[in-house]
Amino acid sequence: MDPKSVEFTADNPLHILGFLFEEVTATRVSGRLTVTEKCCQPFKVLHGGVSALIAEGLASLGAGVASGYKRVAGVHLSIHHIRPAALGESVFAESFPVSVGKNIQVWEVRLWKTKEQEKTKMISTSRVTLLSGLPVPDHAKDSLDHLKKFVSKL
């Protein structure tokens, strides 16, 4: 399956921005994004809201897997923007759990500038708190199968 295809996405907003996942497990979620016009603010740097979107997306996916593919919901996001990433630069994002409980999970998310696939300078750091183990509504039951299929293809 082509990782750029619509069928190969677990997060549509991130997919639209060009984010590509590399790893999705219960202990780590990572991926990459090239800063394009779609994700820049007027001064041609990565929009802080996009950094927050990446943080929420990665933490939610990891928490979903860690909860045994139950529904999760973010309840708090705290982000520190450290330095900009300019138009055309590559960004690597990684997240990992700080605490995984039955009902609450906390995930750390870090965004880095990269050069030749190596992390160079941190762009932002975030903490995301999520409720976990929530029931999946009937209209979204197929989303669990889609998520499991996505994770198995990475």
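By the naming in an unreviewed UniProt entry, the chain goes by 1,4-dihydroxy-2-naphthoyl-CoA thioesterase 2 and is assigned to Raphanus sativus. Here the chain is described in UniProt, under the heading Subcellular location (unreviewed entry), as follows: "Peroxisome". What the UniProt record of the chain gives under Subunit (unreviewed entry) is the line "Homotetramers."

Colleague: Mind showing me how you'd approach the UniProt feature "domain: Thioesterase" (unreviewed entry) in the chain here?
Modeller: Mapped onto this numbering, the UniProt entry annotates "domain: Thioesterase" (unreviewed entry) at residues 44-118. When the span residues 44-118 is considered, its composition is 25% helix and 47% strand, and the gap between its end C-alpha atoms is 23 Å.

Colleague: What is the right way to read the pattern of salt bridges from this model?
Modeller: Side chains that differ in charge, positive against negative, can pair when their charged atoms come close. Throughout the structure, instances matching the rule amount to seven salt bridges. For glutamate 108, the salt bridge identified is with arginine 110, shortest N-O distance 3.7 Å. Overall, the relative accessible area of 8% leaves glutamate 108 in the buried class. With its nearest N and O atoms 2.5 Å apart, the salt bridge here joins arginine 127 to glutamate 108. Of this pair, arginine 127 sits in strand β6 (residues 118-134) while glutamate 108 sits in strand β5 (residues 104-115), and the two are 19 residues apart along the sequence. Residues joined by salt bridges that share partners form a network here, namely Glu23, Arg28 and Glu94.

Colleague: Hey, could you run me through the environment of valine 106 in this one?
Modeller: With respect to the secondary-structure elements, valine 106 resides in strand β5. Relative accessible area serves as the criterion here: at 18%, valine 106 is assigned to the buried category. When the C-alpha positions of valine 106 and alanine 59 are compared, they lie 8.2 Å apart, and in sequence the two are 47 residues distant.

Colleague: Teacher, can you tell me more about the environment of threonine 25 here?
Modeller: Relative to the helices and strands, threonine 25 is located in the loop between β1 (20-24) and β2 (29-34). When the C-alpha positions of threonine 25 and alanine 63 are compared, they lie 8.9 Å apart, and in sequence the two are 38 residues distant. Ignoring anything within four residues of it in the chain, the contact list for threonine 25 reads Gly62, Val65 and Trp107. Side-chain polar atoms of threonine 25 contact the backbone nitrogen of threonine 27, separated by 3.1 Å.

Colleague: Just checking my understanding: could you explain the packing of aromatic side chains for this structure?
Modeller: Applying the stated criterion to the full structure yields two aromatic pairs. Judged by centre distance (5.0 Å) and plane angle (70°), the ring pair of phenylalanine 19 and phenylalanine 21 falls under edge-to-face. In terms of burial, phenylalanine 19 and phenylalanine 21 fall into one category: buried. Centroid distance phenylalanine 21 to phenylalanine 150: 5.6 Å. Interplanar angle 85°. Geometry classified as edge-to-face. Linking phenylalanine 21 in strand β1 with phenylalanine 150 in helix α3 (residues 141-153), this pair joins segments that are 129 residues apart in sequence. No difference in accessibility class separates phenylalanine 21 from phenylalanine 150, as the two residues are buried.

Colleague: Can you walk me through the nonpolar core in this structure?
Modeller: Nonpolar side chains tend to gather and get buried jointly when the protein is soluble and globular. Membership of the largest hydrophobic core comes to 33 residues, with the highest contact counts inside it found for Phe21, Leu46 and Ile54. At the level of elements, α1 (12-17), β1, β2, α2 (48-66), β4 (90-100), β5, β6 and α3 are the ones that each hand at least two residues to this core. Counting residues per element, this core draws most heavily on α2, which supplies eight residues. Residues in contact with isoleucine 54, not counting those within four places in the same chain, are Leu14, Phe19, Leu33, Ala93 and Leu111.

Reading the values: the criteria
Residues numbered from 1 in each chain as written. Predicted model: local features only at pLDDT ≥ 70, side-chain atom pairs only at ≥ 80, totals over all residues. Heavy atoms only, no water. UniProt positions renumbered as here; feature names shortened; annotations may be inferred. Helix = DSSP H or I, 4+ residues; strand = E, 2+ residues; numbered from the N terminus. Salt bridge = Lys/Arg side-chain N within 4 Å of Asp/Glu carboxyl O. Buried < 20%, exposed > 50% of the residue type's maximum accessible area, 1.4 Å probe, protein only. Contact = heavy atoms within 4.5 Å. Polar contact = N/O pair within 3.5 Å; in protein donor to acceptor, adjacent residues only side chain to side chain. Phe/Tyr/Trp six-rings, centres within 6.5 Å; stacked < 30°, edge-to-face > 60°. Core = buried A, V, L, I, M, F, W, Y, C linked by side-chain atoms within 4.5 Å.

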